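Remarks on the overall topology
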Amino acid sequence: VAYRRGGYATTTALCRQALIVLERLGDRAGILSTLRLLADTAMATGDLAQAMVYGQRSLALAQAADLLSELAEAHFVLATANRLLHNLAEANYHAELALALFTRFGNRSFTAYTLYEQSIIQKLEGRVDAALPLAQRAYAIQAELGDSYGRVTTLLHLGDLYELLGELEIATATWCEGWML
């Protein structure tokens, strides 16, 4: 609840306390879930170095326990944190691994978010032509799932891509569609 309300300091403090208990109990799933929330909180506050620490810790724990779903999420966290740090090759590496795992497990929501992440990475690398189909695939999945938040963010990103491609009418229509959702 604190995270959703922007109480990041409270979220971090509670998660750190929870980690102590979860580690004593040996609750790997709980630890991984808590590390994910800590990483998301660190990214929300701009503490990307700490997000990387939590992401790497999640990755190591998920690999050691052979928890493939959690491994996919750890790769997704590391893709996002690396992108925000402008480590684009590393971001793309983790996004590809996350996408392969999410696709394998049929997790369509995370597949869409990972495609969106890959599209942003491609855009930052100056590969707008490669970014566009990734964002279009992400949007199609989000529309099928009824993911309004995902659709809005992806439509705004698609509008940016169309603008970079010189398709101003399509860009404007796409942005408007996103704003109307």
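Here, every reference points to the structure presented above.
Report on the accompanying structure. Not measured: the values here are computed from a predicted model.

Describing two packed helices takes the angle between their axes plus the distance from one axis to the other. One way to put it is that helix α1 (residues 8-25) packs onto helix α2 (residues 28-44) with a least axis distance of 9 Å and a crossing angle of 160°. It follows from the interaxial angle that α1 and α2 lie roughly antiparallel. The hand of the α1/α2 crossing is left-handed. Where α1 abuts α2, its residues Tyr8, Thr11, Thr12, Cys15, Arg16, Leu19, Leu22 and Glu23 lie against Gly30, Ile31, Thr34, Leu35, Leu37, Leu38, Thr41 and Ala44. Looking at side-chain class alone, the contact of α1 with α2 contains nine nonpolar, five polar and two charged residues.

Let us now look at the nonpolar core. Core analysis: the largest hydrophobic core is formed by 27 residues, its most contacted members being Leu35, Leu38, Met43, Tyr54 and Phe102. Broken down by secondary-structure element, the contributors of at least two residues to this core are α1, α2, α3 (48-65), α4 (68-84) and α5 (88-105). In contact with Met43, not counting residues within four places along its chain, are Leu48, Ala51, Val77, Thr80, Ala81 and Leu84. In this structure, Ala135, Leu158, Leu161 and Tyr162 belong to the second largest nonpolar core, which totals eleven residues.

This paragraph deals with the packing of aromatic side chains. Evaluated as defined, the whole model comprises three aromatic pairs. Ring centres 5.8 Å apart and planes at 80° place the aromatic pair Phe76 and Phe110 in the edge-to-face group. Taken together, the residues span a long stretch of sequence, with Phe76 in helix α4 and Phe110 in helix α6 (residues 108-124) at a distance of 34 residues. Comparing Phe76 with Phe110, the two get one shared label, buried. When the ring of Trp175 is compared with that of Trp179, the centres are 6.5 Å apart and the planes differ by 20°; the resulting orientation is stacked.

Now for the side chain of Thr174. Along the chain, Thr174 turns up in helix α9 (residues 168-180). For Thr174, a relative accessible area of 8% puts it in the buried group. A distance of 2.7 Å separates a polar side-chain atom of Thr174 from the backbone oxygen of Ile170.

The next subject is helix α8 (residues 148-164). Between its terminal C-alpha atoms α8 stretches 24 Å, which fits the 24 Å expected from 17 residues at 1.5 Å a residue. Gly150, Arg151, Thr153, Thr154, Leu155, His157, Leu158, Gly159, Leu161 and Tyr162 are the residues of α8 that are buried. Packed against the buried residues of α8 are α6, α7 (128-145) and α9. The N-capping residue of α8, defined by a side-chain oxygen 3.4 Å from the backbone nitrogen of Tyr149, is Asp147. With its phi angle positive at about 85°, Gly166 sits one or two positions after the end of α8.

Unusually for a residue other than glycine, Asp66 sits at a positive phi of about 55°. Its location among the elements puts Asp66 in the loop between α3 and α4. For Asp66, a relative accessible area of 57% gives the class exposed. Of note, the phi angle at His86 is positive, near 65°, even though the residue is not glycine. Looking at the element boundaries, His86 is found in the loop between α4 and α5.

A cluster of nonpolar residues, Ile20, Val21 and Leu25, forms a patch on the protein surface that exposes about 290 Å² of accessible area. Within the secondary structure, Leu25 sits in helix α1.

Rules used throughout
Residues numbered from 1 in each chain as written. Predicted model: local features only at pLDDT ≥ 70, side-chain atom pairs only at ≥ 80, totals over all residues. Heavy atoms only, no water. Axes fitted to C-alpha atoms, helices over the stretch in contact; angles between N-to-C directions. Helix = DSSP H or I, 4+ residues; strand = E, 2+ residues; numbered from the N terminus. Parallel < 35°, antiparallel > 145°, perpendicular 65-115°, else oblique. Left-handed = near helix turned anticlockwise from the far one by under 90°. Contact = heavy atoms within 4.5 Å. Nonpolar A, V, L, I, M, F, W, Y, C, P; charged D, E, K, R; others polar. Core = buried A, V, L, I, M, F, W, Y, C linked by side-chain atoms within 4.5 Å. Buried < 20%, exposed > 50% of the residue type's maximum accessible area, 1.4 Å probe, protein only. Phe/Tyr/Trp six-rings, centres within 6.5 Å; stacked < 30°, edge-to-face > 60°. Polar contact = N/O pair within 3.5 Å; in protein donor to acceptor, adjacent residues only side chain to side chain. Expected span 1.5 Å × (residues − 1). Patch = residues over 30% accessible without salt bridge, like charges linked within 9 Å, V, L, I, M, F, W, Y side chains within 5 Å. Areas by Shrake-Rupley, 256 points an atom, 1.4 Å probe, with all protein chains shown as cover. Salt bridge = Lys/Arg side-chain N within 4 Å of Asp/Glu carboxyl O.

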